[in-house]
Amino acid sequence: MSGAVSAPASRTPSRTFRSLANVNFRKFFIGQGLSQIGTWMQMVAAGILVLRITNSGVALGLMAAAQFGPTLAFGAWAGVSPTASTAITCCWASTPWAPWWARPSPWSWRPASTRSG
């Protein structure tokens, strides 16, 4: 054993996890992790449900194709189009959709005084 003395463990996070020192990012990171777990559970449950109802591997494959098809079909285009155009073009292209995305959902929460029935 050599006579080298190791430095005491530092309380500062390493460069890899430095962003976790921010409280807001930590909350965001944990929330995204929980959301991802929920998404995985939903995907597995949907597959089990289709398999139990139909007892068909073809139906399970069609469900998976419907679930991941749009990502496979449009993912490459969605990644290239913002890179190939300017930021102002992306803003002009997405602005007409803003009112549609911001519309109230029929399942939105409403105060009890405004509910019918």
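Residues numbered from 1 in each chain as written. Predicted model: local features only at pLDDT ≥ 70, side-chain atom pairs only at ≥ 80, totals over all residues. Heavy atoms only, no water.

> So what exactly am I meant to see when it comes to the overall build of the protein here?
Secondary structure assignment for the protein yields 4 helices and 0 strands. Ordering the α and β elements of the protein from the N terminus gives α-α-α-α. Within the span of the protein, comprising 117 residues, buried residues form 3% of the whole. For the protein, the computed accessible surface area is about 10700 Å², with 69% contributed by carbon and sulfur atoms. (Helix = DSSP H or I, 4+ residues; strand = E, 2+ residues; numbered from the N terminus. Buried < 20%, exposed > 50% of the residue type's maximum accessible area, 1.4 Å probe, protein only. Areas by Shrake-Rupley, 256 points an atom, 1.4 Å probe, with all protein chains shown as cover.)

> I would appreciate a short explanation of unusual backbone geometry in the present structure.
For residues besides glycine, phi is generally negative; the peptide bonds are generally trans as well. Despite not being glycine, N55 has its phi angle at roughly 55°, a positive value. For N55, the location among the structural elements is in the loop between α1 (23–54) and α2 (57–84).

> Where do I start with the packing of aromatic side chains in this structure?
Aromatic rings considered in pairs are described by the distance between their centres and by the relative angle of their planes. Applying the stated criterion to the full structure yields 2 aromatic pairs. Summarising the aromatic geometry, the rings of F25 and F28 are spaced 6.1 Å apart at their centres and angled 45° between planes, so their arrangement reads as tilted. Taken together, the positions of F25 and F28, both in helix α1 and 3 residues apart, correspond to about one turn of that helix. Using a relative accessible area of 30% as the deciding quantity, one classes F25 as partly exposed. Through pairs of rings, three or more aromatic residues link up here, namely F25, F28 and F29. (Phe/Tyr/Trp six-rings, centres within 6.5 Å; stacked < 30°, edge-to-face > 60°.)

> How do you make sense of α1 when you look at a structure like this?
Given 3.6 residues per turn, any residue in an α-helix points the same way as the ones three and four places further on. Spanning 32 residues, α1 covers 47 Å between terminal C-alpha atoms, matching the ideal 46 Å at 1.5 Å per step. Of the residues flanking the start of α1, the one acting as N-cap is N22, its side-chain oxygen 2.9 Å from the backbone nitrogen of N24. Positive backbone phi, approximately 55°, marks N55, located one or two places after α1. (Expected span 1.5 Å × (residues − 1). Polar contact = N/O pair within 3.5 Å; in protein donor to acceptor, adjacent residues only side chain to side chain.)

> I keep staring at a nonpolar patch on the surface and nothing clicks. Help me out?
A cluster of nonpolar side chains, contributed by F25, F28, F29, I30, L34, I37, W40 and M41, occupies part of the molecular surface with about 880 Å² of accessible area. Its place among the elements puts W40 in helix α1. (Patch = residues over 30% accessible without salt bridge, like charges linked within 9 Å, V, L, I, M, F, W, Y side chains within 5 Å. Salt bridge = Lys/Arg side-chain N within 4 Å of Asp/Glu carboxyl O.)

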